[in-house]
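Observations on the three-dimensional arrangement
Here are the chains, one letter per residue:
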Amino acid sequence: EDPGTKEEGGDLGFVARGQMGTAAFEDPTFALQPGEVTDVVETEFGFHIIKMNERESAVRRPLEEVREEIIGDLRAEKGALERQNREDQALIALRNATPENVEQVAASLGFPAQAFNGFTPTTAPPQISRTPQLRQAIFAGTVGELIPHADENGMVAALVTDITPARDMTFEEA
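Keep in mind that what you see is a predicted model, and the values were worked out from it rather than measured.

What follows concerns the overall build of the chain. Within the chain one finds five helices and four strands. In sequence order, the chain lays out its α and β elements as α-β-β-α-α-α-α-β-β. In terms of C-alpha radius of gyration, the chain reaches 28 Å, well past the compact-globule figure of 16 Å for 174 residues. For the chain, with 174 residues in total, the buried portion stands at 21%. Of the contacts formed within the chain by residues at least 6 apart in sequence, a portion of 22% connects residues at least 24 apart. By element, 51% of the accessible surface of the chain is carried by carbon and sulfur atoms, the whole surface being about 13400 Å². For the chain, the distance from the average position of its 15 positive side-chain charges to the average position of its 31 negative side-chain charges is 6 Å.

Right under this line is the structure:
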């Protein structure tokens, strides 16, 4: 009945110690020899009967074999940390910006400053409408409030400069 393994008939494949997340499952599993079956084992996930089909020794790959893979992983991790640090520093700078210096702060961070006037929640420009949380924050904001936002699409900082209360359109506007 386990949704994660039912397509494979409950077969977990090869697992390493520490991979299952609970000693209540791992201890009896790793005590088995190929072909042996446990009694009923109870874990926080339910009841299990475990059969050891085969055992394979862990394999250590030589450093020369994995060197480039490790270097690539470390470079990717370093790049991600540097990006996150730049985003964090930019958000701090934008949170400390004022309506008077927001364009200067944005320029110093390498972000273009754009003005969007007279839009509604349903007619917001794509830079704003792509992120529902940002759009909601803008329309809940107050005049002079700077609303920075970062997500997988990049960074946006919105400065609320004017609020026009909702009203019915005049005949001429319609």
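Moving on, we come to the side chain of Thr 22. Position of Thr 22 relative to the elements: it lies in the segment before helix H1 (23-31). Accessibility expressed as a relative area gives 10% for Thr 22, which makes it buried. Thr 22 has contacts with Thr 43, Glu 44 and Phe 45, leaving out every residue within four places of it along the chain.

Further remarks concern the side chain of Glu 26. Tracing the chain through its elements places Glu 26 in helix H1. Among buried charged residues, Glu 26 stands out as having no salt bridge; its nearest opposite-charge side chain is Arg 17, 4.6 Å away. Separated by 2.9 Å, the side chain of Glu 26 and the backbone nitrogen of Gly 18 make a polar contact. Beyond its immediate sequence surroundings of up to four residues, Glu 26 is in contact with Ala 16, Arg 17, Gly 18, Gln 19, Met 20 and Gly 21.

This brings us to the pattern of salt bridges. Here the structure, examined in full by the defined rule, presents five salt bridges. Between Glu 69 and Arg 61 there is a salt bridge; the shortest N-O distance is 3.1 Å. Arg 61 sits in the partly exposed class, given a relative accessible area of 44%. Connected through salt bridges with shared partners, the residues Arg 61, Glu 65 and Glu 69 form a single ionic network.

Before going further, it helps to examine the pairing of strand S3 (residues 146-151). Looking down a regular strand, the side chains alternate between one sheet face and the other. By the criterion of burial, S3 is predominantly enclosed, with five of the six residues buried. Counting the residues between successive antiparallel strands, the hairpin from S3 to strand S4 (residues 154-159) contains two residues.

All right, on to the nonpolar core then. Listed in full, the nine residues of the largest apolar core are Phe 119, Ala 124, Ile 128, Leu 134, Ile 138, Ile 147, Val 156, Ala 158 and Val 160. Within the residue set of this core, elements represented by two or more residues are helix H5 (132-140) and S4. If you look at the next biggest cluster of nonpolar residues, it comprises eight residues, including Ala 97, Val 105, Leu 146 and Met 155.

A few words on the environment of Glu 8. Within the secondary structure, Glu 8 sits in the segment before H1. In this structure Glu 8 comes out as partly exposed when scored by relative accessible area, which is 48%. Sequence spacing of Glu 8 and Pro 121 is 113 residues, and the spatial spacing of their C-alpha atoms is 48 Å.

On to the environment of Thr 29, then. Secondary-structure assignment places Thr 29 in helix H1. Not counting the four nearest positions on each side in its chain, Thr 29 is found in contact with Ile 50, Met 52 and Arg 55. Of the polar contacts made by the side chain of Thr 29, one reaches the backbone oxygen of Phe 25; its length is 2.7 Å.

About the criteria used
- Residues numbered from 1 in each chain as written.
- Predicted model: local features only at pLDDT ≥ 70, side-chain atom pairs only at ≥ 80, totals over all residues.
- Heavy atoms only, no water.
- Helix = DSSP H or I, 4+ residues; strand = E, 2+ residues; numbered from the N terminus.
- Rg over C-alpha atoms; globule rule 2.2 N^0.38 Å.
- Buried < 20%, exposed > 50% of the residue type's maximum accessible area, 1.4 Å probe, protein only.
- Contact = heavy atoms within 4.5 Å.
- Areas by Shrake-Rupley, 256 points an atom, 1.4 Å probe, with all protein chains shown as cover.
- Lys, Arg positive; Asp, Glu negative; His and termini not counted.
- Charge placed at Lys NZ, Arg CZ, Asp CG, Glu CD.
- Salt bridge = Lys/Arg side-chain N within 4 Å of Asp/Glu carboxyl O.
- Polar contact = N/O pair within 3.5 Å; in protein donor to acceptor, adjacent residues only side chain to side chain.
- Pairing = 2+ DSSP bridges.
- Core = buried A, V, L, I, M, F, W, Y, C linked by side-chain atoms within 4.5 Å.

All quantities given are derived from atomic positions and should not be read as evidence of function.
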